[in-house]
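As a plain string of letters, each chain reads:
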Amino acid sequence: LYVRHQLVTKLSIYRSRDIKAKMALFRCLILVLGLTGWAWSDSPRPTIHERIYREIDATVPCFRLVNATHQIGCSASSTNTRGVVQYVNSSESLIQLVNHGPHHPYIALLEPRLLTRDNILRLKSSSRISGTLVRFRNETNATTSTIPEGLGSLSPQEKSPNAQFAYGGSSQVEWNPEGDALSFFDFGDFPILALPSAAFDEVLDCFNQNNADGDFPLCSAEITADMNVVKDTPTCFRREKLLTMQTTGTTLCEPLGDNNVWGTLFDFRNKSSNPADYDGSPFIMLTTKLDSSAFFPNLAFGANNELAGIATLLAAVEALGKLKKEGHLMDTTRPIMYTFFHGESWDYIGSSRMVYDMARGDFPYPERDNRRG
């Protein structure tokens, strides 16, 4: 079971040298407003926060996940993550930033071709870097959409996904040779956000206008993406239970999962409407998965990942259905079930639940239905 925390992500940019001046102005305004009886309370003038910060919308975070034993993914610190914005468009500029940046901490503004495991881990391991912002191109026209240079073979999955669940306890078959397992790395309090090109360019403009010469004031960023889920699933649910006792409706843990879809070519119950008549005879299962995984799950939906399996299974079911309707396929002692599992990318959630229900006698037909009120 993997769970994540429902979080609200926010990115703001500001000029770091302006803060002292604005706070002095804020103290002056408090004094004036106190003497005048808050004469400006209904004024449309921008607030101090609005004068300092510029909110950046449409951010897509890498978020944190936990299972029964491990924690993976990203989060910002509980006090928010701040840093001077630094544009990184080459391996050389990345190395220069990690080793020699004079105004650290930095938040790296990264072009997508540099989104590799080595580069991300180099940024994460540096005490000079507090977070990373990555450009993504959100083209809606499939005929003109392009994959950024160098990303054609990028895969944040493992080389042998879910190998620990293979027969015998492990698998040596690396059927995903380009996998770098970036999605399974624990980044701790190191936020990584994807920005659409328009938002990325807005931050880049702030960098070009203020940071190109290295002199103050400098364009800086603040990231709000704290995730309260930590360590593992039992710890998460235990904390949520304690908080629920104090505050109604508190949610720390959001289990991953959805619905499996299944059907049969012939009725397993031998034309009886009583679920107890199912005799537990073996049957043939045709299965595939509905889900996929991505480093930025809310950005990459992974349609191509499972499309081949879904199309193949649907074609097989259609062909078998036509044979049945035409009378060429008769009811056999080995019924056929077709199943679309959800959650397979994360420890086989969908199929594991089906096996669990089978072991309890709740699938394919609940044995206890006739004993329930």
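Conventions adopted
- Residues numbered from 1 in each chain as written.
- Predicted model: local features only at pLDDT ≥ 70, side-chain atom pairs only at ≥ 80, totals over all residues.
- Heavy atoms only, no water.
- Disulfide = S-S within 2.5 Å.
- Helix = DSSP H or I, 4+ residues; strand = E, 2+ residues; numbered from the N terminus.
- Buried < 20%, exposed > 50% of the residue type's maximum accessible area, 1.4 Å probe, protein only.
- Arc of directions from axis to C-beta.
- Contact = heavy atoms within 4.5 Å.
- Pairing = 2+ DSSP bridges.
- Phe/Tyr/Trp six-rings, centres within 6.5 Å; stacked < 30°, edge-to-face > 60°.
- Salt bridge = Lys/Arg side-chain N within 4 Å of Asp/Glu carboxyl O.
- pLDDT = per-residue confidence, 0-100.
- Axes fitted to C-alpha atoms, helices over the stretch in contact; angles between N-to-C directions.

Turning next to the state of the cysteines. By the definition in use, this model includes three disulfides. Two residues share a disulfide in this structure: Cys 62 and Cys 74, whose sulfurs sit 2.1 Å from each other. Judged by the sign of its S-S torsion, about 80°, the cystine formed by Cys 62 and Cys 74 is right-handed. Highlighted residues: Cys 62 in the loop between strand E4 (60–61) and strand E5 (65–66) and Cys 74 in the loop between strand E6 (71–72) and strand E7 (81–88), separated in sequence by twelve residues. Grouping residues by exposure puts Cys 62 and Cys 74 together as buried. At a sulfur-sulfur separation of 1.8 Å, the disulfide partner of Cys 236 is Cys 253. Where Cys 236 bonds to Cys 253 through sulfur, the torsion about that S-S bond is close to -120°, and the disulfide is left-handed. Of this pair, Cys 236 sits in helix H6 (residues 233–246) while Cys 253 sits in the loop between H6 and strand E12 (254–255), and the two are 17 residues apart along the sequence.

Further remarks concern helix H4 (residues 117–125). Of the residues making up H4, those classed as buried are Asn 119, Ile 120 and Leu 123. In an axial view of H4, the angular spread of the buried residues amounts to 95°, which keeps them on one side of the axis. Of the exposed residues in H4, those oriented more than 90 degrees away from the buried face are Asp 118 and Ser 125. Buried residues in H4 make contact with helix H3 (91–100), strand E8 (106–110), strand E9 (129–136) and strand E10 (192–196).

Let us look at unusual backbone geometry. Apart from glycine, the bulk of residues carry a negative phi angle, and the bulk of peptide bonds sit in the trans form. For the bond from His 104 to Pro 105, the omega torsion is 10°, close enough to zero to count as cis. With respect to the secondary-structure elements, Pro 105 resides in the loop between H3 and E8. Here Phe 216 and Pro 217 are connected by a cis peptide whose omega angle stands at 0°. Backbone geometry at Asn 162 places phi at a positive 55°, although glycine is not the residue there. At Ala 181, a position not held by glycine, the phi torsion is positive, near 60°. Take Ala 181: it is sitting in the loop between E9 and E10.

Right, let's get into the pairing of strand E2 (residues 10–15). As defined by bridge partners, E2 adjoins strand E11 (residues 219–224) across six bridges and the pair is classed as antiparallel. Its bridge partner being in E11, Ser 12 is matched across the sheet by Glu 222. As paired elements, E2 and strand E3 (residues 54–56) share three bridges and run antiparallel to each other. Bridging across to E3, Ile 13 finds its partner in Arg 54.

Under the defined criterion, the tally for this structure stands at eight aromatic pairs. Relative to Phe 187, the ring of Phe 185 has its centre 4.9 Å away and its plane inclined at 65°; by these criteria the two rings are edge-to-face. The exposure class assigned to Phe 185 is partly exposed, which follows from its relative accessible area of 26%. A relative accessible area of 1% places Phe 187 in the buried class. In this structure an aromatic cluster arises from ring pairing among Phe 185, Phe 187, Phe 295 and Phe 296.

Enumeration over the complete set of coordinates arrives at eight salt bridges. Between Arg 54 and Glu 202 there is a salt bridge, with the nearest N and O atoms lying 3.7 Å from each other. Of this pair, Arg 54 sits in strand E3 while Glu 202 sits in helix H5 (residues 197–210), and the two are 148 residues apart along the sequence. On the basis of relative accessibility, which here comes to 39%, the residue Arg 54 falls in the partly exposed class. Given the relative accessible area of 28%, Glu 202 is considered partly exposed. The partner of Glu 222 in a salt bridge is Arg 82, and the shortest N-O contact between them spans 3.0 Å. Here Glu 222, found in strand E11, pairs with Arg 82, found in strand E7; they are 140 residues apart in sequence, far enough to count as distant.

For the chain, mean pLDDT is 78; residues scoring 70 or higher make up 76% of the total. Within the chain, no element has a lower average pLDDT than helix H1 (residues 18–36), which sits at 36, and none a higher one than E8, at 95. Predicted confidence for residues 140–146 stays below pLDDT 50, and this span has three contacts to residues more than four positions away or in other chains.

Pairing between the strands of a sheet is mediated by backbone hydrogen bonds and can be parallel or antiparallel. One open sheet accounts for three strands, arranged E13-E15-E14; its pairing is mixed. Looking at the sheet topology across the chains shown, the edges are occupied by strand E13 (261–264) and strand E14 (284–289). Each strand axis lies, on average, 10° off the axis of its neighbour in the sheet, ignoring direction. Looking at chain direction, E13 and strand E15 (residues 336–341) are connected through four bridges and run antiparallel. Opposite Gly 263, over in E15, you have Tyr 338 as the bridge partner. Those strands touched by helix H8 (residues 349–359) are E14 and E15, and its axis lies near 135° from that of E15.

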